[in-house]
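# Summary of structural features
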Amino acid sequence: MNIQQGATQAPVTGGALLQALFDAMPGRAAFLDVELRYRYVNREFLLALGATEDCVIGKFVDDVLGAQAASLYKAAMQNLSANEPQRLRRFVDDADGAPRWIEEELRPFTPGGVMQGVVCVARPLADAEQQCESDRLELLESHRTREAIHAAVVDSALDCIVVIDAQGRVVEFNPAASTTFGYSREHAIGRTVAELIVPVEARSSQQWA
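The following paragraphs examine the structure supplied in this document. Quick caveat, the model's predicted, so the values are computed rather than measured.

Moving on, we come to the packing of aromatic side chains. Under the criterion given, the structure shown has 3 aromatic pairs. Aromatic side chains Y38 and F45 sit 5.3 Å apart centroid to centroid with 55 degrees between the ring planes, which places their arrangement in the tilted category. We note that Y38, like F45, is buried.

What follows is the structure in structure tokens.
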């Protein structure tokens, strides 16, 4: 039997061809409809999750990957709808119990100009890339912690704290400063010290007149 005869006797359907293409992809691959429901996934995807097709096909991203991953997908959908591919980096716990970072490319499927779904292809980051990503997130979390501590100290201080930038504009104005100068923090931020102090002096001079 030659290839042509085989093709005549057993034609390849669109679904079977798509599944074969997905299974041939390196890394984990999936196709989601516009409601973020899984329609196709490849073997690598199932192996990584330790799941079967019955547990994935027809299910929403929330159900398969969890709420955190789903929020990333939903945030990317607006740009995908504008036919702009998106890249995501997220942390996963695979079926082998090893936590790792993956980079995922999302491409809109838009036959005839109408978006009908999203093709998702992911690959694990190399060890060096994973370390860089972990270091970046640790630094970001440390920065957020320092900002929270700074805000708590500034807001609770009994003395006036007014911080200005190189252009002389107010970038921090704590509650004690608001009480002293009579301006809300929202009013003070972005203004120069002169804009805030002069009116106070003007009011004082008017009282002595």
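Moving on, we come to the pattern of salt bridges. Under the counting rule described, the total for this entry stands at 11 salt bridges. Two residues, E104 and R90, come together in a salt bridge whose shortest N-O distance is 3.0 Å. Residue E104 is found in strand β4 (residues 99-109), and its partner R90 is found in strand β3 (residues 86-93); the two are separated by 14 residues along the sequence. Here E104 matches R90 in class, with each residue buried. R185 serves as the salt-bridge partner of E172, at 3.1 Å between the closest nitrogen and oxygen. With E172 in strand β7 (residues 170-173) and R185 in helix α8 (residues 185-188), this pair connects stretches of sequence that are 13 residues apart. The exposure class of E172 is buried, given its relative accessible area of 14%.

Attention now moves to the pairing of strand β2 (residues 38-41). Pairing of strand β1 (residues 28-33) with β2 involves 3 bridges; the strand directions are antiparallel. Pairing of A30 across the sheet is with V41, part of β2. Hairpin connection of β1 to β2: 4 residues between the antiparallel strands, including L36 at a positive phi of 60 degrees.

Of all hydrophobic cores here, the largest spans 20 residues; its most connected members are Y38, F45, Y73 and L106. When residues of this core are traced back to their parent elements, those giving at least two are β1, β2, α3 (43-49), α4 (61-65), α5 (67-81) and β5 (117-124). If you tally residues by element for this core, the top one is α5, at 5 residues. Sequence-distant contacts of Y38, that is, excluding residues within four places in its chain, are made with A30, F31, L32, F45, V56, I57, G58, K59, F60, V61, V64 and L65.

Our focus in this paragraph is unusual backbone geometry. The residue L36 is not glycine, and still its phi comes out positive at about 60 degrees. Residue placement: L36 occurs in the loop between β1 and β2. Under the relative-accessibility criterion, L36 is labelled buried at 6%. Even without being a glycine, N83 presents a positive backbone phi close to 65 degrees.

Locating T192 in the fold gives a position in the loop between α8 and α9 (193-208). Taking the C-alpha atoms as reference points, T192 and G168, separated by 24 residues in sequence, lie 5.5 Å from one another. If we ignore the near neighbours within four places in the chain, the residues touching T192 are G168 and R169.

So, how was this worked out
- Residues numbered from 1 in each chain as written.
- Predicted model: local features only at pLDDT ≥ 70, side-chain atom pairs only at ≥ 80, totals over all residues.
- Heavy atoms only, no water.
- Phe/Tyr/Trp six-rings, centres within 6.5 Å; stacked < 30°, edge-to-face > 60°.
- Buried < 20%, exposed > 50% of the residue type's maximum accessible area, 1.4 Å probe, protein only.
- Salt bridge = Lys/Arg side-chain N within 4 Å of Asp/Glu carboxyl O.
- Helix = DSSP H or I, 4+ residues; strand = E, 2+ residues; numbered from the N terminus.
- Pairing = 2+ DSSP bridges.
- Core = buried A, V, L, I, M, F, W, Y, C linked by side-chain atoms within 4.5 Å.
- Contact = heavy atoms within 4.5 Å.

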